[in-house]
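The lines below spell out each chain.
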Amino acid sequence: MSCWETFQAYGLRSIGYGERLLPRTDFTLCEQFTLIGSGLIWNIYYGVLALTIGFFLAIALAVAKASDNLWVRKPAEWFIFVFRGSPLFIQFFLAYFLFLSLKQWNSIFDPFTSAALGALIVLFLNTAAYSGEIFYGAFRSVPRGDVEAADAYGMSGWTKFRRVIYPTMLRLGWPAYTNEAIFLFHATTLVFFSGFPAWQQKGDALYYANYFADKTFNPFIPYPIVAFYFVLLTLAVIFVFGRINVRLNRHLPHERRQRMRVRPQLIR
């Protein structure tokens with residue numbers, strides 16, 4: 001089988017299109033690149049949806065945590081504390097068995113036991129908690145002069161938040177939020193190693209890398225391929241979020257704009 005035929009057979013296998021049976025012997029480099037790349041579709045799916053939905057919950061949590069109302073502030077504080085204070089792997093595990101118990105009680109919870117929905121909910125809640133803390137810090141860092149200027153212009157309530165506080169909060173918190181986005185995409189590799197099973201061997205990039213490592217007893221080919229794909233994915237995230245950062249800082253003088261640079265850390 002040529003490399004092009006391998007791509008046609010396994011390029012979309014992780015989402016149910018193409019050859020159903022995985023290769024079992026004589027694994028080629030092309031097969032490993034193709035199947036692991038196919039599994040990356042799931043990692044992108046989890047990351048993009050969890051970030052998109054979690055962003056709005058994170059903003060709500062940040063505002064709630066900064067509220068003077070105890071009944072609004074405390075639930076936000078505890079939500080953030082619980083999801084930031086417990087390991088993501090354990091959250092996957094507990095959520096799967098919770099959904100499994102609810103499924104036995106009512107069949108309406110059937111879809112929640114699948115990785116496509118159940119794991120997405122866990123990732124969404126987890127990133128919302130971390131991002132909420134980031135934006136809360138940015139909210140508290142909004143210059144007091146900006147708020148006083150808004151008050152002087154007669155702005156109050158929603159108008160002041162929408163036109164003054166929110167844009168500044170977003171601009172200040174965006175570099176840290178970019179790191180959270182990168183960490184979230186990396187965290188998607190935990191989905192199929194927690195309680196959520198891969199249906200018909202439709203897993204993510206690390207799932208297929210683990211399959212090849214088990215079959216060949218050689219982890220030094222599939223795992224570097226996973227790392228290669230995630231480096232490319234990280235560069236894509238940095239580029240997209242960097243363009244957004246430029247947009248958020250477009251009103252500032254050139255020398256005051258926050259720049260996002262790729263600085264590989266060789267020693268931790």
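Residues numbered from 1 in each chain as written. Predicted model: local features only at pLDDT ≥ 70, side-chain atom pairs only at ≥ 80, totals over all residues. Heavy atoms only, no water.

### Regarding the environment of G39
Condition: Helix numbers and strand numbers start at the N terminus; a helix is a DSSP run of H or I with at least 4 residues, a strand a run of E with at least 2.
Position of G39 relative to the elements: it lies in helix 2 (residues 29–65). Taking the C-alpha atoms as reference points, G39 and G11, separated by 28 residues in sequence, lie 8.9 Å from one another.

### Some words on the pattern of salt bridges
For clarity, the cut-off: By convention in these notes, a salt bridge is any Lys or Arg side-chain nitrogen within 4 Å of a carboxyl oxygen on Asp or Glu.
Per the stated rule, a full pass over the model turns up five salt bridges. K65 is the salt-bridge partner of E133, the closest N and O atoms lying 2.6 Å from each other. Highlighted residues: E133 in helix 5 (residues 115–140) and K65 in helix 2, separated in sequence by 68 residues. One salt bridge in this structure joins R73 and E77, with 3.6 Å as the shortest N-O distance. One end of the pair, R73, and the other, E77, are both in helix 3 (residues 70–85), four residues apart, so they sit about a helical turn from each other.

### Here's the deal with the packing of helix 2 against helix 5
Here is the rule we go by: Only the stretch in contact is used when a helix axis is fitted, and all axes are lines through C-alpha atoms; the angle between N-to-C directions ranges over 0 to 180 degrees. Should an angle fall under 35 degrees it is taken as roughly parallel, and over 145 as roughly antiparallel, whereas 65 to 115 is taken as roughly perpendicular and any remaining angle as oblique. Helix crossings are classified by the rotation of the near helix relative to the far one: an anticlockwise turn of less than a right angle makes the crossing left-handed, while a clockwise turn makes it right-handed. Polar here means any residue outside two lists: the nonpolar Ala, Val, Leu, Ile, Met, Phe, Trp, Tyr, Cys and Pro, and the charged Asp, Glu, Lys and Arg; Gly therefore counts as polar.
For the pair helix 2 and helix 5, interaxial distance at closest approach is 6 Å and the crossing angle is 40°. One element, helix 2, and the other, helix 5, form an angle in the oblique class. The hand of the helix 2/helix 5 crossing is right-handed. Of the residues contributing to the contact of helix 2 with helix 5, the split by class is 24 nonpolar, four polar and two charged.

### With respect to the packing of aromatic side chains
Counted only if it meets this: Pairs were defined over the aromatic rings of Phe, Tyr and Trp, the Trp ring being its six-membered one, requiring ring centres within 6.5 Å. Orientation was assigned from the angle between planes: stacked under 30 degrees, edge-to-face over 60, tilted for the rest. A 1.4 Å probe rolled over the protein chains alone gives each residue an accessible area, and that area as a share of the maximum for its type sets the label: buried under 20%, exposed over 50%, partly exposed in between. Only when the NZ atom of a Lys or the CZ atom of an Arg is both within 6 Å of the ring centre and within 35 degrees of the ring normal do we say a charge sits over the ring.
Going through the model one piece at a time under the given rule, you end up with 30 aromatic pairs. Centre to centre, the rings of F27 and Y211 are 6.4 Å apart; their planes meet at 85°, and the pair counts as edge-to-face. A residue pair is termed long-range when its members are at least 10 positions apart, and F27 in the loop between helix 1 (3–10) and helix 2 and Y211 in helix 8 (residues 205–216) qualify at 184 residues. Each member of the pair, F27 as well as Y211, is classed as buried. Aromatic pair W42 and Y45: ring centres 5.4 Å apart, planes at 90°, arrangement edge-to-face. Separated by three residues within a single helix, W42 and Y45 lie in helix 2, roughly one turn from each other. The exposure class assigned to W42 is buried, which follows from its relative accessible area of 16%. An aromatic cluster is built from F55, F56, F135, W174, Y177 and F241, whose rings are joined through pairwise contacts. If you follow K65 out to its NZ or CZ, it ends over the ring of Y136, 4.7 Å from the centre.

### Notes on the state of the cysteines
Going by this rule: Any pair of cysteine sulfurs within 2.5 Å is marked as a disulfide.
Applying the stated criterion to the full structure yields one disulfide. Two residues, C3 and C30, share a disulfide whose sulfurs are 2.1 Å apart. With the S-S bond torsion at 85°, the cross-link from C3 to C30 turns out right-handed. Here C30 lies in helix 2 and C3 lies in helix 1, a separation of 27 residues in the sequence. Assessed through its relative accessible area of 48%, C3 is described here as partly exposed.

### Some remarks on the packing of helix 6 (residues 144–152) against helix 7 (residues 157–187)
Threshold: Contact criterion: two residues are considered in contact whenever any of their non-hydrogen atoms come within 4.5 Å of each other.
Look at helix 6 against helix 7: their axes get within 10 Å of each other, and the N-to-C directions meet at 165°. On the basis of the axis angle, helix 6 is roughly antiparallel to helix 7. Helix 6 and helix 7 meet at a crossing whose hand is right-handed. Residues D146, V147, A150 and D151 of helix 6 form the contact with helix 7, whose participating residues are K160, V164, I165 and T168. Here the residues of the contact of helix 6 with helix 7 sort into four nonpolar, one polar and three charged.

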